[in-house]
Amino acid sequence: MSVICTRCGSTNVACEAIVNPNGNVFKCYTDESFLYGQCDNCDTYPELTDPDEVKMDIDRLYQEFKSYSNTEPDYANCRIVYKDDGDDLDVKISLKADDKAAVMDESIFYHCDSISDLKSLAEYGGKDFILVECFSFDKWTDEDLLCRKTYGMIMDGTEIEVTGREVCDFYGPYFPLDKDYIEKYGARHTARCKLYGTQHVLLTPITISQIISTGNLLEIGEYVSFRIKLHFHWHVEICRESMEQHPPFQYIINAYCLDCPETFVRRYTCFEKALLHCLNNFNENIDVKNKYDSINDYLSKHNCL
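Calculation rules
The numbering scheme is per chain: residues are counted from 1 as the chain's sequence reads. The predicted origin of the model limits local features to residues at a pLDDT of at least 70 and limits the giving and counting of side-chain atom pairs to 80 or more, whereas totals for whole chains, interfaces and linings rest on all residues. Only hydrogens and water are set aside when side-chain values are computed; all heavy atoms of the structure are taken into account. Numbered from the N terminus, helices here are DSSP runs of H or I no shorter than four residues, and strands are runs of E no shorter than two. Each polar contact in these results corresponds to two N or O atoms within 3.5 Å; when the atoms are within protein, one needs to be able to donate a hydrogen and the other to accept it, and residues that are neighboring in sequence are counted only if both atoms are side-chain atoms. Here, two residues are considered to be in contact whenever any of their heavy atoms come within 4.5 Å of each other. Here, patches come from residues exposed beyond 30% relative accessible area and free of salt bridges, joined within 9 Å for like charges and within 5 Å for nonpolar side chains (Val, Leu, Ile, Met, Phe, Trp, Tyr). Areas reported here follow the Shrake-Rupley algorithm with a probe of radius 1.4 Å; residue values treat only the protein chains shown as occluding. In what follows, salt bridge is the name for a side-chain nitrogen of Lys or Arg lying within 4 Å of a carboxyl oxygen of Asp or Glu. Per-residue accessibility, obtained with a 1.4 Å probe over protein chains only, is compared with the maximum for each type, and a residue is labelled buried under 20%, exposed over 50%, and partly exposed between these values. To be clear, the arc concerns the directions from the helix axis to the C-beta atoms. A pair of strands is treated as paired once DSSP finds two or more bridges between them. For every residue, the predictor assigns a confidence score, pLDDT, that lies between 0 and 100. Only the stretch in contact is used when fitting a helix axis, every axis being a line fitted to C-alpha atoms; angles between N-to-C directions are given from 0 to 180 degrees. It is the rotation of the near helix from the far one that decides the hand of a crossing: anticlockwise by less than a right angle makes it left-handed, clockwise makes it right-handed. Note on residue categories: nonpolar means Ala, Val, Leu, Ile, Met, Phe, Trp, Tyr, Cys or Pro, charged means Asp, Glu, Lys or Arg, and polar means any other residue, Gly included.

**Student:** Tell me about the side chain of asparagine 283, and please be specific about residues and values.
**Tutor:** Within the secondary structure, asparagine 283 sits in the loop between α8 (271-279) and α9 (295-301). In this structure the side chain of asparagine 283 is engaged in a polar contact, spanning 3.0 Å, whose partner is the backbone nitrogen of asparagine 285. In contact with asparagine 283, other than residues within four places in its own chain, are His277, Val288, Lys289 and Asn290.

**Student:** Requested: an account of unusual backbone geometry, with residues and values cited.
**Tutor:** Omega for the peptide link from proline 247 to proline 248 comes to 5 degrees, which places this bond in the cis form. Topologically, proline 248 is positioned in the loop between β14 (233-240) and β15 (251-257). At asparagine 70, a position not held by glycine, the phi torsion is positive, near 55 degrees. Within the secondary structure, asparagine 70 is located in the loop between α1 (51-69) and β7 (75-82). Positioned with a positive phi, asparagine 281 is a non-glycine residue whose angle comes to about 60 degrees. Here asparagine 281 lies in the loop between α8 and α9.

**Student:** Could you give an account of a nonpolar patch on the surface, with specific residues and numbers?
**Tutor:** On the surface, a cluster of nonpolar side chains totalling about 270 Å² of accessible area is made up of Val19, Phe26 and Tyr29. Within the secondary structure, valine 19 is located in strand β3 (residues 17-20). A residue is classified by how much of its surface remains accessible, and valine 19, at 39% relative accessible area, is partly exposed.

**Student:** So what's going on with helix α5 (residues 164-171)? Which residues, and what values?
**Tutor:** By the burial criterion, the buried members of α5 are Gly164, Val167, Cys168, Phe170 and Tyr171. Seen end-on, α5 carries its buried residues on one side only, within an arc spanning 165 degrees. If you follow the buried residues of α5, they end up packed against α4 (142-148), β11 (150-155), β12 (158-163), α6 (179-196) and β15.

**Student:** Explain the pairing of strand β8 (residues 88-94) to me, and be specific about the residues and the numbers.
**Tutor:** For a regular strand, side chains alternate in direction, first toward one face of the sheet and then toward the other. Note that β7 and β8 share seven bridges and pair antiparallel. Considered in β8, the bridge of valine 81 is made with aspartate 88. Where β7 hands over to β8, the hairpin turn is made up of five residues, of which glycine 86 adopts a positive phi near 80 degrees. Sheet topology places β8 next to strand β9 (residues 108-111); three bridges connect them, and they run parallel. The partner of lysine 92 across the bridge, within β9, is isoleucine 108.

**Student:** Go over the confidence of the model for the protein, please, and point to the residues and values.
**Tutor:** The share of residues in the protein with pLDDT of 70 or more is 96%, and the mean pLDDT across the chain is 89. Element-level mean pLDDT values for the protein span from 49 in helix α2 (residues 100-104) up to 96 in β7.

**Student:** Could you give me a rundown of the packing of helix α7 (residues 208-216) against α8, with the residues and numbers involved?
**Tutor:** With their axes 10 Å apart at the nearest point, α7 and α8 run at an angle of 145 degrees to one another. For the pair α7 and α8, the sense of crossing is right-handed. Packed against α7, whose contacting residues are Ile208, Ile211, Ile212, Gly215 and Asn216, the element α8 presents Phe271, Glu272, Leu275 and Leu279 at the interface. Looking at side-chain class alone, the contact of α7 with α8 contains six nonpolar, two polar and one charged residues.

Written out as structure tokens, the structure reads:
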């Protein structure tokens, strides 16, 4: 056994221990004695580690995992210590270096390609950290695999990449998600909100006149888009349609909430009615009075007339 300093790798170290004063016979180390060592080589008080003992723990835990799972583990739960400042961190270390999904996973601290590679991290080497404890081995759950998958979406000619984790975080814990829903709807909606969250004009009393001017000149198939702050932030597209498609309607709103998985779709006979419905929070409750009776009412209440 060679106990070393985690800061410099020296064996010129000391720590607390229980010693029989009658003959100075070593009895045992005190609890957490390695956490508060002393190194005469780098003149610090670092955590100490025994690389051979850590390696033996890795072998033991690996065999235990294999005995009850009959499969190879995906990752190890470990604790590392940084050499420069002595800070420690509980981490996940992947055991499959060619796992592309794991490479994209921010919860993975480091990637190994074998148990031998993992054990080498317990030695004082060229890394900026040293592995001091291995707690357990584990497999990715179905939910883990779902969250780690990456989806590429094309939005307005721009490729937007989102992970399953981003989709799950956007939809929240109370919205049931599965692989099919994410692939058909969830990833696209999340990508759309990721793209439009900071893009496009924000509808305000200052910008509304320009938006109306653009909207009234739309040809069939063209649309005007903007962001609007209601209770949540929304991305709104008002598109011109052929009246023969859905008479007597000529415009359609496709609105996407940027803060939660909510959408809104309605058709209108003119552009101003579509825009006014946005200003009135998409209100469709006849018992709730609209905030604005017209576009001019909106402008006058904001001192723009």
